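Structural characterization, general
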Amino acid sequence: MTQTPRVLVTGGAGFIGSHLVDRLVADGHEVVVIDSLAVGREKNLTQSLRTGKCSFHRADIRDREAIASLFEGVHTVYHLAALADIVPSIEKPEEYFTSNVDGTFNVVEAARASRVKRLVYAASSSCYGIPEKYPTPEDAPIRPQYPYALTKYLGERIALHWGSVYAISTVSLRFFNVYGPRARTSGTYGAVFGVFLAQKLAGKNFTVVGDGNQTRDFTFVTDIVEGILSAAKSDVRDEILNLGSGGTYSINELCQLLGGTIEHIPKRPGEPDCTFADTTKAQRLIGWKPQTSFQRGVQIMLEHIEDWRDAPLWDAQTIASATKSWFDRLGESATV
Ligand code: UDP
């Protein structure tokens, strides 16, 4: 093994993936990126592609033939490619299943065929659903509330199973509410930062869900990247680790830091009042500790606010129609 072996990042043109690629390139790796551009954007890779150390391959992980040969000579696979967002996962569960479950199967099979040594799976804290315990440890009950959460969890099971059966040293990292520059600004109604930053740019109200006292473990993207790299470098295998910020922050607090006026919209079914990772396992096993305070992270977002100039602008009405299927399908079964 050379000191900086060839690595592969699925979803490398996406939000978290592209930050990871930038860092891997800076560390001297040759980086193979696979991305279908369903969610990612080639623009996110501008910096890395310029170095000549990064190759971009537009391919869908659902198509094993298209991706298999790219795994040759790869030491470590970072599997971040997935469809995200709740509402489309409720409306198009098959797409989520084929991308996040079958796609993961294709990735681990390609890794196995090419004798990849190390695999890091990007998992989601959404598998905990509405947890009973805060901070939430990795052995908390699994309660996916919608297809996105279930498919990411099934992908995790596949990755860990392949890891143990086929001797691919595998670790799964459950990310909590990741935010940072390049957070997606796609057409779908999604992560709160993109919604609020576009609203701030337009001088509109922040659409606060419920009373805004719900809290999220907002984790800054560079801390997540550091966690991914620490995990990959460690000899930890067959393990699941939470990656969170070490705190939990209310939506009202976020609005205060961003500065602006608010209006309230209805609480969403199946949504936890709090997400808060117990990160003691990550600290113990890979020596990782997040470094970016929430205040600092929000400040960085404000410094990059122009990036959201083209982002869709949501208001109470358009959110109500965009989330109708969420309320219709989950309203009765999941509201607590
Ligand atoms: N949120 C909000 N207004 C919005 C979108 C989200 O107040 O227009 C809140 C939401 O209630 C949640 C937090 O922001 O508490 C994070 O929401 P997001 O959809 O980003 O992540 P998730 O709910 O999946 O953790």
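Calculation notes
Residues numbered from 1 in each chain as written. Predicted model: local features only at pLDDT ≥ 70, side-chain atom pairs only at ≥ 80, totals over all residues. Core = buried A, V, L, I, M, F, W, Y, C linked by C-beta atoms within 7 Å. Buried ≥ 20, exposed ≤ 12 C-beta atoms within 10 Å, placed from the backbone. Helix = DSSP H or I, 4+ residues; strand = E, 2+ residues; numbered from the N terminus. Domains from an automatic or database assignment. Near = placed C-beta within 6 Å. Nonpolar A, V, L, I, M, F, W, Y, C, P; charged D, E, K, R; others polar. Contact = placed C-beta atoms within 7 Å. Pairing = 2+ DSSP bridges. Axes fitted to C-alpha atoms, helices over the stretch in contact; angles between N-to-C directions.

Comments concerning the nonpolar core
- Core analysis: the largest hydrophobic core is formed by 91 residues, its most contacted members being V9, V21, V31, V33, V120, L173 and I228.
- Looking at this core, the element that brings in the most residues is helix 6 (residues 147-165), giving 8 residues.
- Among the domains, domain 1 (7-178 + 219-243) and domain 2 (183-216 + 247-275 + 292-334) are the pair contributing at least three residues each to this core.

Some words on the site of the ligand
- Neighbouring the ligand are the residues N177, A191, V192, V195, T207, V208, V209, Q214, R216, I251, E271 and T275.
- Elements represented by at least two residues in the shell around the ligand include exactly helix 7 (192-201) and strand 8 (206-209).
- When residues in the shell around the ligand are grouped by element, the largest group, 3 residues, is from strand 8.
- Tallied by class, residues from the shell around the ligand come to 6 nonpolar, 4 polar and 2 charged.

Describing the domain arrangement of the protein
- Partitioning the protein into structural domains gives domain 1 (7-178 + 219-243) and domain 2 (183-216 + 247-275 + 292-334).
- With centres defined by C-alpha atoms, the gap from domain 1 to domain 2 works out at 24 Å.
- Facing 20 residues of domain 1, the contacting portion of domain 2 comprises 20 residues.
- At the level of elements, helix 4 (87-91) and helix 8 (221-233) are the ones that each hand at least two residues to the side of domain 1 that touches domain 2.
- Of the residues in the side of domain 1 that touches domain 2, the class split is 13 nonpolar, 4 polar and 3 charged.

Some points on the sheet that holds strand 1 (residues 7-10)
- Read from one edge of the open sheet, 7 strands run 3-2-1-4-5-6-11, paired in parallel fashion. Single-partner strands in this sheet number two, and they are strand 3 (54-58) and strand 11 (239-243). Sheet twist, expressed as the mean angle between neighbouring strand axes with direction ignored, is 20 degrees.
- Sheet topology places strand 2 (residues 31-35) next to strand 3; 5 bridges connect them, and they run parallel.

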